[in-house]
Amino acid sequence: MSSVTLRSKTDVEPERHNEEFVLPGNDFTSFISALYSGGDSRIAADPCNGLNKYLCPRVPAPDLACASSCTASPVSVRGFDSAADAFFNIVGAASRRQRAHRLTSLMEQIKARLLQYFGVSGLARAILCPSGTDAMMTTAMLIAAERPGKPMTAILPSASETGSGVPMAALCRVFDGPDRGTSLTGQQGTMLEIALRSADGSPRCEEEVNDAFAAVTAEVADNVIVYLTHGTKTGLIAPVSPPRGANVIVDACQARIEPETVAAYLRQGWPVVVTGSKFFGGPAFSGAVLFPRTRLSAIGPCKLPPAPSQAARMGTALRWTAALTVIDAFEPLAGGMADYLASQTEFIERAIASNPALMPIVGLRPRGGGWADQSSIFTFGVRDPLVRGRLLSEAELRPLHERLARLGVLLGQPVSLGTFGGLRLSIGAANLLDGPVNNGLTRVFAALEDVTLGDA
């Protein structure tokens, strides 16, 4: 449980019509409700166990061994405290107008801090969104507004490497809930997926993937949007070199990316989507679009996506506040993290190889000397205990993933890898900041041995 002190309610009773700021219940319930407001079904808590779809509790869980930042993480203690402070500062204002002003001020501070961290204040404007998928959809809508009425063709890596909602979002369609599939722009669109892995799970070479994107782009006549995914679910980057002259959106939702790389993409005129809820370990979810200033000015405010509700703005701001506590702590230490990550890679690869029930799957190969050039997502298949020559499917891995969670070990959700599935172990900024992670990793691999070899 967090060390935050939940304060008594202000003497000024909030207006009844302003319940988007103070929800029914005591202080703790109101804060938790606000922290997860404005999201979608993925972060809704199961009333039976209090966990979301990704098996994360709504409060800090320091006793969990969390290696799940490639999917989602429980909120950290430091993030929980910061978000609580922000919440009570807002709802403690004496009037509805003052509360609205404090929320707007907080969101502007978050935008400024993100632009500062990535070093792109002069290049981009930041647009905050409830999730990375929402941010992808917002970016697609802005691109569509540049050429109103023109059908769009989205070319992107397969959904198994990006996310189940991303193909819908790329076509400016609602990706969750009862209105799923509804177009938000009225424009026609086509989605084409490029496979990044072969049937055996091995990644296709960079040149082959680049050529595949180029070939498909050349076949489409007009208004093509290429999605450069800088950090897929399994840590890949694709396409490394987009087709020349292509209209590109960079999906950097994993946030396993150096600020200098983000700036380089923006100088190309490419909008970049990031989140605070993957590498930076904020609670699920928080997204942001870093959109080139010149392009945004040309679109004009009348064509921007509609503003989210106050409840959505509150939840987004609080979740980003939690993520920023990690960003603030990580930034001054980032320069020394590459060697540390490299040492963790050696430990993890040895541990996977020592378990005969696991098969390592190649992800990002080290590309340079920066921390983001090192591997931080490790994917592995699990052998069928009855037929050791067969690897379990994505569906068959879900009960194993849940069993690990019951043992206090949280991994990334299972993913599809061609004809089989894979589990993912990831190192996030919060893991690095908490000191040596070997003890936590030792616990992870002990639990993996228990669930994969315990009955052997």
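Below: a short report on this structure. Please read all numbers here as calculations on a predicted model, not as lab measurements.

Scoring rules and cut-offs
- Residues numbered from 1 in each chain as written.
- Predicted model: local features only at pLDDT ≥ 70, side-chain atom pairs only at ≥ 80, totals over all residues.
- Heavy atoms only, no water.
- Helix = DSSP H or I, 4+ residues; strand = E, 2+ residues; numbered from the N terminus.
- Disulfide = S-S within 2.5 Å.
- Buried < 20%, exposed > 50% of the residue type's maximum accessible area, 1.4 Å probe, protein only.
- Contact = heavy atoms within 4.5 Å.
- Expected span 1.5 Å × (residues − 1).
- Pairing = 2+ DSSP bridges.
- Axes fitted to C-alpha atoms, helices over the stretch in contact; angles between N-to-C directions.
- Parallel < 35°, antiparallel > 145°, perpendicular 65-115°, else oblique.
- Left-handed = near helix turned anticlockwise from the far one by under 90°.
- Polar contact = N/O pair within 3.5 Å; in protein donor to acceptor, adjacent residues only side chain to side chain.
- Phe/Tyr/Trp six-rings, centres within 6.5 Å; stacked < 30°, edge-to-face > 60°.
- Lys NZ or Arg CZ within 6 Å of the ring centre and 35° of its normal.
- Core = buried A, V, L, I, M, F, W, Y, C linked by side-chain atoms within 4.5 Å.
- Right-handed = clockwise from strand over helix to strand, strands pointing away.

What about unusual backbone geometry?
- Omega for the bond connecting Ala238 with Pro239 falls within 30 degrees of zero, at -10°, which places this linkage in the cis form.
- Mapped onto the fold, Pro239 is located in the loop between strand 6 (237-238) and strand 7 (247-252).
- Going from Ala284 to Phe285, the amide bond is cis rather than trans, its omega being -5°.
- Within the secondary structure layout, Phe285 lies in the loop between strand 8 (272-275) and strand 9 (287-292).

Observations regarding the state of the cysteines
- In total, this model carries zero disulfides according to the counting rule given.
- With no disulfide partner, Cys253 has as its closest neighbouring cysteine sulfur the one in Cys129, 9.7 Å distant.

Some thoughts on the environment of Arg319
- Considering the arrangement of structural elements, one finds Arg319 in helix 10 (residues 310-330).
- Take Arg319: its relative accessible area is 0%, and that puts it in the buried class.
- Residues Arg319 and Ser277 lie 42 residues apart in sequence; the distance between their C-alpha atoms is 8.1 Å.
- With near-sequence residues (within four places) excluded, Arg319 lies in contact with Leu35, Tyr36, Ser37, Gly38, Gly39, Ile43, Pro130, Pro283, Ala284, Phe285 and Ser286.

Here we look at helix 2 (residues 77-91)
- Compared with the 21 Å implied by 1.5 Å per residue over 15 residues, the 21 Å span of helix 2 between its first and last C-alpha is a close match.
- Considered for burial, the residues of helix 2 that qualify are Gly79, Phe80, Asp81, Ala83, Ala84, Ala86, Phe87, Phe88, Ile90 and Val91.
- Contacts made by the buried residues of helix 2 are with helix 1 (27-35), helix 3 (96-118) and helix 10.

Description of the side chain of Thr217
- Within the fold, Thr217 resides in helix 7 (residues 206-219).
- Setting aside chain neighbours within four positions, we find Thr217 in contact with Ile155, Val224, Val226 and Pro243.

Remarks on the sheet that holds strand 11 (residues 377-382)
- The five strands lie next to each other as 1-12-13-11-10, forming an open sheet whose pairing is mixed. Each of the sheet's edge strands pairs with one partner strand only, and the pair in question is strand 1 (65-67) and strand 10 (358-361). Mean inter-strand twist for the sheet, computed between neighbouring axes without regard to direction, equals 35°.
- As defined by bridge partners, strand 1 adjoins strand 12 (residues 409-417) across three bridges and the pair is classed as parallel. Residue pairing across strands places Ala65 opposite Val409, the latter belonging to strand 12.
- The strands touched by helix 11 (residues 337-354) are strand 10, strand 11 and strand 13 (420-426); relative to strand 11, the strand with the most contacts, the crossing angle is about 0°.

Thoughts on the packing of helix 2 against helix 10
- Where helix 2 meets helix 10, the axes come as close as 7 Å, and the angle between the chain directions of the two elements is 140°. Taken as axis vectors, helix 2 and helix 10 run oblique relative to one another. Here helix 2 and helix 10 pass one another in a crossing that is right-handed. Taken together, the residues of helix 10 that come into contact with helix 2 (itself represented by Arg78, Gly79, Ser82, Ala83, Ala86, Phe87, Ile90 and Val91) are Met314, Leu318, Thr321, Ala322 and Thr325.

Side note on the pairing of strand 12
- Judged by how many residues are buried, strand 12 sits mostly within the fold: seven of nine residues are covered.
- Direction of pairing for strand 12 relative to strand 13: antiparallel, over a ladder of four bridges. Counted as the bridge partner of Leu417 is Phe420 from strand 13.

Thoughts on the side chain of Glu258
- One can find Glu258 in the loop between strand 7 and helix 8 (259-267).
- Look at Glu258 and you get buried, because its relative accessible area is 16%.
- A polar contact is formed between the side chain of Glu258 and the backbone nitrogen of Trp371, at a distance of 3.0 Å.
- If near-sequence neighbours (up to four positions away) are discounted, Glu258 is found in contact with Gly370, Trp371 and Ala372.

Description of the packing of aromatic side chains
- For the structure on display, the rule yields 13 aromatic pairs.
- Judged by centre distance (5.8 Å) and plane angle (90°), the rings of Tyr117 and Phe280 are edge-to-face. Taken together, the residues Tyr117 in helix 3 and Phe280 in the loop between strand 8 and strand 9 connect sequence positions 163 residues apart.
- Since its relative accessible area comes to 6%, Tyr117 is described here as buried.
- Consider the rings of Phe279 and Phe280, whose centres lie 5.2 Å apart with planes at 75°: the pair is edge-to-face.
- Chaining the aromatic ring pairs together yields one cluster made of Tyr117, Phe118, Phe279, Phe280, Phe330 and Trp371.
- If you follow Arg42 out to its NZ or CZ, it ends over the ring of Phe285, 4.5 Å from the centre.

A closer look at the nonpolar core
- One finds Phe31, Leu290, Phe330, Leu411 and Leu425 to be the most contacted residues of the largest nonpolar core, which totals 109 residues.
- In terms of residue count, helix 10 provides more of this core than any other element does, ten residues in total.
- If we ignore the near neighbours within four places in the chain, the residues touching Leu290 are Leu115, Phe118, Val120, Ala124, Arg125, Ala126, Val262, Leu266, Pro271 and Val272.
- By size, the runner-up hydrophobic cluster in this structure holds 28 residues, among which are Cys129, Ala135, Ala145 and Tyr227.

Overview of the pairing of strand 7
- Of all the six residues making up strand 7, five are buried; the element is thus mostly covered by neighbouring parts of the structure.
- Direction of pairing for strand 5 (residues 224-230) relative to strand 7: parallel, over a ladder of five bridges. Bridge assignment links Tyr227 to a residue of strand 7, and that residue is Ile249.
- A crossover links strand 7 with its parallel partner strand 8, the connecting element being helix 8, and its sense is right-handed.

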